[in-house]
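Remarks on the overall topology
In case you want the letters, here they are:
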Amino acid sequence: MGPAELRRKLLECLGGPWPKPGPLKPQLHRTVQKEGYRIEWVSYEAEPGDRVPALLLVPDGVDGQHQAPAVAVWHQHNGEWHLGKSEPAGLAGNPMHHTGVALVKMGYVVICSDALCFEDRQDPVLRGGDYERFEFLRYVVSGKCMAWKNILDMRRAIDYLESRPEVQKGQIGCYGHSMGATHTWLLGPWEDRLRCLAANCCLPTYAAIHRTKILHCFPNFIPGWFQYGDTPDIAALTAPKPLLMTFGEQDAGSPIQEVREGIKRIAQAYQAAGAPENFRAFIEPGAGHVLSEAMWTEIRQWFQKHLPV
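Residues numbered from 1 in each chain as written. Predicted model: local features only at pLDDT ≥ 70, side-chain atom pairs only at ≥ 80, totals over all residues. Heavy atoms only, no water.

Bringing a nonpolar patch on the surface into the picture now. A surface patch of nonpolar side chains, about 280 Å² in accessible area, is lined by Val-125, Leu-126 and Phe-134. Among the structural elements, Val-125 can be located in the loop between strand 5 (109-113) and helix 3 (128-141). (Patch = residues over 30% accessible without salt bridge, like charges linked within 9 Å, V, L, I, M, F, W, Y side chains within 5 Å. Areas by Shrake-Rupley, 256 points an atom, 1.4 Å probe, with all protein chains shown as cover. Salt bridge = Lys/Arg side-chain N within 4 Å of Asp/Glu carboxyl O. Helix = DSSP H or I, 4+ residues; strand = E, 2+ residues; numbered from the N terminus.)

Listed below in structure tokens is the structure:
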């Protein structure tokens, strides 16, 4: 089955076409100046009545006359539903994952948005994992899945970046760790406005999930897809857009045996697309589910190469 047919099957499994995007109705709620950049608390509509809270980090000196490329950072899961956008924006959580701050200090405009069920998109009645499970099942019975909604929301984040006068036209990338990495390769096949993508520590194949009985987060599970392919076959549909995937050899959430097979398939897809140089996989020996210095060096260099400031 060729890439076009696989993409069509994937869209069917996800839940069908996304609705035509309506007006963003953006709002600016407050601004705080930091050393070398500012943070704007903003929101915009993903769908009518569904407002997404986000943090926009803008380097000092960047404006409508002095534009910069932009990076969307998708946050991790880690069972921390109280965290979302605030961790990569450097306001909470593990300093290892304050990647939005690192990127804005490199000169990028950065958006960090809340995924459904996280931080400011939690439910007042159902909390944490209960609400996430409820939302996943709510989408499934309507013929869709959580990944469908996540992709829709991420595409709206790209819409928002495009609407900002500070962002250079056509110069947008994305990065994510863990669930954010899943979000990255989920988005890749559908977002041609991305110049490059980087995903750290998450390619949990169904083969590995079934072999080792992993209970993974819901965006990884796309109903019906396993009859056509596995998760690497989704990532492969990103070709020929530049895609970097970094892994820890000892990461139990992405068993390395299946990861190695998966990256071979992705590399073959890039070869077939005539762009073998646009895919890179890095596996750090002895590392686990982390964003190590070596991994971050790979990611930083990837953006410097494909999305220079």
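From this point, the narrative continues.
What follows concerns helix 9 (residues 293-306). Taking 1.5 Å of rise per residue, the 14 residues of helix 9 would be expected to cover 20 Å, and the 20 Å separating its terminal C-alpha atoms lies within 8% of that figure. Those residues of helix 9 not exposed but buried are Met-295, Trp-296, Glu-298, Ile-299, Trp-302, Phe-303 and His-306. Buried residues in helix 9, looked at end-on, bunch into an arc of 155 degrees, giving them a common side. Seen from the buried face of helix 9, the exposed residues on the opposite side, beyond 90 degrees, are Glu-293 and Lys-305. For helix 9, the secondary structure elements touched by its buried residues are strand 4 (68-74), helix 2 (99-105), strand 6 (167-177), strand 7 (194-200), strand 8 (243-248) and strand 9 (279-284). (Expected span 1.5 Å × (residues − 1). Buried < 20%, exposed > 50% of the residue type's maximum accessible area, 1.4 Å probe, protein only. Arc of directions from axis to C-beta. Contact = heavy atoms within 4.5 Å.)

Our next topic: the pairing of strand 1 (residues 27-34). Taken together, the seven bridges between strand 1 and strand 2 (residues 37-47) define a ladder with antiparallel strand orientation. The partner of Arg-30 across the bridge, within strand 2, is Trp-41. The antiparallel hairpin formed by strand 1 and strand 2 contains two residues in its connecting segment, where Gly-36 sits at a positive phi of about 95 degrees. (Pairing = 2+ DSSP bridges.)

Right, let's get into the pairing of strand 5. Within strand 5, five of the five residues are buried, leaving the element largely enclosed by the surrounding structure. Neither face of strand 5 is open: one carries Val-109, Ile-111 and Ser-113, the other Val-110 and Cys-112, and all of them are buried. By the bridge criterion, five bridges tie strand 4 to strand 5 in an arrangement that is parallel. Residue pairing for strand 5: Ala-70 is matched across the bridge by Val-109. Following the backbone out of strand 4, through helix 2 and into the adjacent parallel strand 5, one traces a crossover that is right-handed. (Right-handed = clockwise from strand over helix to strand, strands pointing away.)

This part covers the packing of helix 4 (residues 146-163) against helix 5 (residues 179-187). Closest axis-to-axis distance for the helix 4/helix 5 pair is 10 Å, and the angle between their directions is 80 degrees. Between helix 4 and helix 5, the angle is such that the two are roughly perpendicular. For the pair helix 4 and helix 5, contact is made by Ala-147, Asn-150, Ile-151, Met-154 and Arg-155 and by His-183, Leu-186 and Leu-187, respectively. Among the residues forming the contact of helix 4 with helix 5, the class breakdown is five nonpolar, two polar and one charged. (Axes fitted to C-alpha atoms, helices over the stretch in contact; angles between N-to-C directions. Parallel < 35°, antiparallel > 145°, perpendicular 65-115°, else oblique. Nonpolar A, V, L, I, M, F, W, Y, C, P; charged D, E, K, R; others polar.)

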